[in-house]
Amino acid sequence: MRISVLGGDGYCGWATALHLSARGHTVSIVDNFTRRLWDYELGVQTLTPIRPMPERLRAWEQLRGNRIDLFTGDVTDYDFLCSALKEFRPDAIVHFAEQRSAPYSMIDRKHAVSTQVNNIVGTMNVLFAMREFLPDCHLVKLGTMGEYGTPNIDIEEGYITIEHEGRKDTLPYPKQPGSFYHLSKVHDSHNILFSCRIWGLRATDLNQGVVYGTVTDEIELDECLINRFDYDEVFGTVLNRFCVQAAMGHPLTVYGKGGQTRGYLDIRDTVRCVEIACLNPAAPGECRVYNQFTEQFSVMEIARLVQTASRKLGREVEIDHIPDPRVEAEQHYYNAKHSKLIDLGLEPHYLSSSLLDTLMNIALKYQDRVDVSNFMPQVNWRNPHNDRRKNSFAAVRAAGTPVAR
Ligand code: NAD
Ligand code: USQ
């Protein structure tokens, strides 16, 4: 297949582009590298020294003989997006190109607005481009399990059948997201569903859980292909953060009681799920929703697993309960269905102590790059003007460092 990976420089996107290329698909990457700029804005960096995109692509071509085309630009720029898609003519568009951090979207008004503009406009542009000149193309869009929130009933895969006043219908599952970022995904989902209904487009909305890990079969082929491993409070996801904290002997930062339960998956399953969705396209007019995760854990369960794995490596690490900077249920019912991708052939990599060892060893390998001041949360949901003064745009500008805006 010809597959365009929007956001192919990112954590999930880079691993997916390589996986699809390794499996014989013809792949293009579309990215404007804004994520590298956001790291710079926040004064954080990935634990792992990711290479510039031209170096990444050269290394891949030399290793595997597979060329990945690069289109550098912003998906919110409709003319750019159209020219990239018209030139490549994909059978499937995998859309990762969004601002994906809940804390980033909760810093202040500016970050909330820029998150929603970036995400919603980008997805709208993809939908309009498909309608205009790629009507048979299949959109594989990364959504999030966080769109559903934490209802006190089981979570279905996208739709729920309801009986009301003696009548019955199957309707989109109710959404109760927990950040302006998660809300942007809900708005995307509505726009995608509407476009499929009125224009007959085909789409799969992958409601992905929290991703962990950093290595895939392709990424471990060469140091130049190394993937992101974010551990900071804004972009680091919880399991990856805990592994780096444990490796550094820092207490694990459980927010509040730690009963917050989410769906999780290994990045090796992310890349496989995306390929499965591409190989089994939705029908014209169909907007499918798959819940893309393999296991559920509470934050405390993850903390205890990391603590045990750390002990085995001879490192004692404490678990700290710090006041939850987010507004979220700290103890709640959670049971989300996730069988559709398994039915299509996904064979999950369940969380193992050996994977935790691997992640802690990666953290030790790059420990010189760890800034422990990025472990504690600074963004608070209750405060509409979070002061990340030391790293803010204003401070960077004041220091005279050029910032592209
Ligand atoms: P990431 O920040 O590592 O990568 C996103 C990429 O998209 C970056 O390379 C960025 O430069 C690019 N991008 C953003 N806006 C763009 C724009 N307007 N034009 C062009 N490129 C743009 O994020 P990720 O962790 O790889 O997540 C990818 C997708 O998967 C996101 O949509 C996210 O919501 C979803 N997701 C991620 C996780 C997770 O745990 N990482 C979990 C569930 C869902
Ligand atoms: N948490 C802690 N301690 C930490 C970090 C997080 O207790 O040091 C808690 C959070 O409060 C939250 C849970 O762990 O309850 C998960 O937080 P996270 O930062 O790992 O993940 P989240 O903010 O939900 O976002 C991540 C991705 C996002 C994706 C989402 C999937 O960044 O792009 O959409 O996971 S889901 O959670 O299913 O919505």
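The next point concerns the sheet that holds strand β3 (residues 69-72). The sheet built from 7 strands is open, its strands ordered β3-β2-β1-β4-β5-β8-β12 with parallel pairing. Each having just a single partner strand, β3 and β12 (287-292) make up the two edges of the open sheet. This sheet shows a mean twist of 20° between the axes of neighbouring strands, independent of strand direction. Relative to strand β4 (residues 92-95), strand β1 (residues 2-6) is paired through 4 bridges, and the arrangement is parallel. The partner of Ser 4 across the bridge, within β4, is Ile 93.

Taken together, 23 residues form the shell around ligand 2, and within it Arg 100, Thr 144, Tyr 181, Thr 253 and Glu 328 come nearest. The separation between a nitrogen atom of ligand 2 and a polar main-chain atom of Thr 253 is 2.6 Å. One nitrogen or oxygen atom from the main chain of Tyr 255 is found 2.9 Å from an oxygen atom belonging to ligand 2. Alone, ligand 2 offers 730 Å² of accessible surface; in the complex the protein occludes 95% of this.

Before going further, it helps to examine the nonpolar core. With 36 residues, the main nonpolar core has Trp 14, Val 94 and Leu 206 as its most contacted residues. Excluding residues that lie within four positions of it along the chain, Leu 206 makes contacts with Val 140, Lys 141, Leu 142, Gly 143, Thr 144, Val 274, Ala 277, Tyr 290, Gln 292 and Leu 341. Formed by 35 residues, the second largest nonpolar core is a distinct cluster that contains Ala 246, Ile 302, Leu 351 and Ile 362.

This part takes up the sheet that holds strand β9 (residues 210-212). Spatial ordering of the open sheet is given by β9-β11-β13, a layout of 3 strands whose pairing is mixed. Looking along the sheet, the strands with just one partner apiece sit at the ends: β9 and β13 (295-298). Adjacent strand axes in the sheet meet at a mean angle of 45° when their direction is disregarded. Where β9 meets strand β11 (residues 261-266), 3 bridges bridge the pair, whose relative direction is parallel. Counterpart to Tyr 212 in the pairing with β11 is Asp 266. Sheet strands touched by helix α9 (residues 267-279): β9 and β11. Its angle to β11, the strand with the most contacts, is close to 80°.

Here we take up unusual backbone geometry. The backbone of Phe 33 shows a phi angle near 60°, a positive value even though the residue is not glycine. Considering the arrangement of structural elements, one finds Phe 33 in the loop between β2 (26-31) and α2 (34-42). Here the phi dihedral of Glu 165 falls at roughly 50°; this positive angle occurs in a residue that is not glycine. For Glu 165, the position within the fold is in the loop between β6 (159-164) and β7 (167-172). Residue Glu 165 is classed as exposed on the basis of its relative accessible area of 71%.

Turning our eyes to something else, we now look at the site of ligand 1. As a structural note, the neighbourhood of ligand 1 is formed by 30 residues, with Asp 31, Arg 100, Asn 118, Tyr 181 and Lys 185 the closest of them. A distance of 3.2 Å is found between an oxygen atom of ligand 1 and a backbone nitrogen or oxygen belonging to Gly 10. Here Thr 34 contributes a backbone N or O atom positioned 3.2 Å from an oxygen atom of ligand 1. With the chains in place, 98% of the 830 Å² that ligand 1 exposes on its own is no longer accessible. If you list the elements that add at least two residues to the shell around ligand 1, you get α1 (11-22), α2, β5 (138-144), α7 (180-199) and β9. No other element matches the 3 residues that α1 contributes to the shell around ligand 1.

Taken over all residues, the pLDDT of the protein chain has a mean of 95, while the share at 70 or more is 96%. Counting interchain partners and residues more than four positions distant, the pLDDT-below-50 stretch residues 389-405 has 21 contacts.

All chains considered together, the criterion is met by 20 salt bridges. The closest approach of N and O atoms between Glu 147 and Lys 175, which form a salt bridge, is 3.3 Å. With a gap of 28 residues between them, Glu 147 in the loop between β5 and β6 and Lys 175 in the loop between β7 and α7 connect regions that are remote in the sequence. Residue Glu 147 is classed as buried on the basis of its relative accessible area, which comes to 0%. Judged by relative accessible area, which is 26%, Lys 175 ranks as partly exposed. Close ionic contact of Glu 316 with Arg 311 constitutes a salt bridge, the shortest N to O distance being 2.9 Å. Assessed through its relative accessible area of 57%, Glu 316 is described here as exposed. Residues participating in the shared-partner salt-bridge network are Arg 35, Asp 39, Arg 100, Arg 228 and Asp 230.

Conventions used here
- Residues numbered from 1 in each chain as written.
- Chains lettered and ligands numbered in written order.
- Predicted model: local features only at pLDDT ≥ 70, side-chain atom pairs only at ≥ 80, totals over all residues.
- Heavy atoms only, no water.
- Pairing = 2+ DSSP bridges.
- Helix = DSSP H or I, 4+ residues; strand = E, 2+ residues; numbered from the N terminus.
- Axes fitted to C-alpha atoms, helices over the stretch in contact; angles between N-to-C directions.
- Near = heavy atom within 4 Å.
- Polar contact = N/O pair within 3.5 Å; in protein donor to acceptor, adjacent residues only side chain to side chain.
- Areas by Shrake-Rupley, 256 points an atom, 1.4 Å probe, with all protein chains shown as cover.
- Core = buried A, V, L, I, M, F, W, Y, C linked by side-chain atoms within 4.5 Å.
- Buried < 20%, exposed > 50% of the residue type's maximum accessible area, 1.4 Å probe, protein only.
- Contact = heavy atoms within 4.5 Å.
- pLDDT = per-residue confidence, 0-100.
- Salt bridge = Lys/Arg side-chain N within 4 Å of Asp/Glu carboxyl O.

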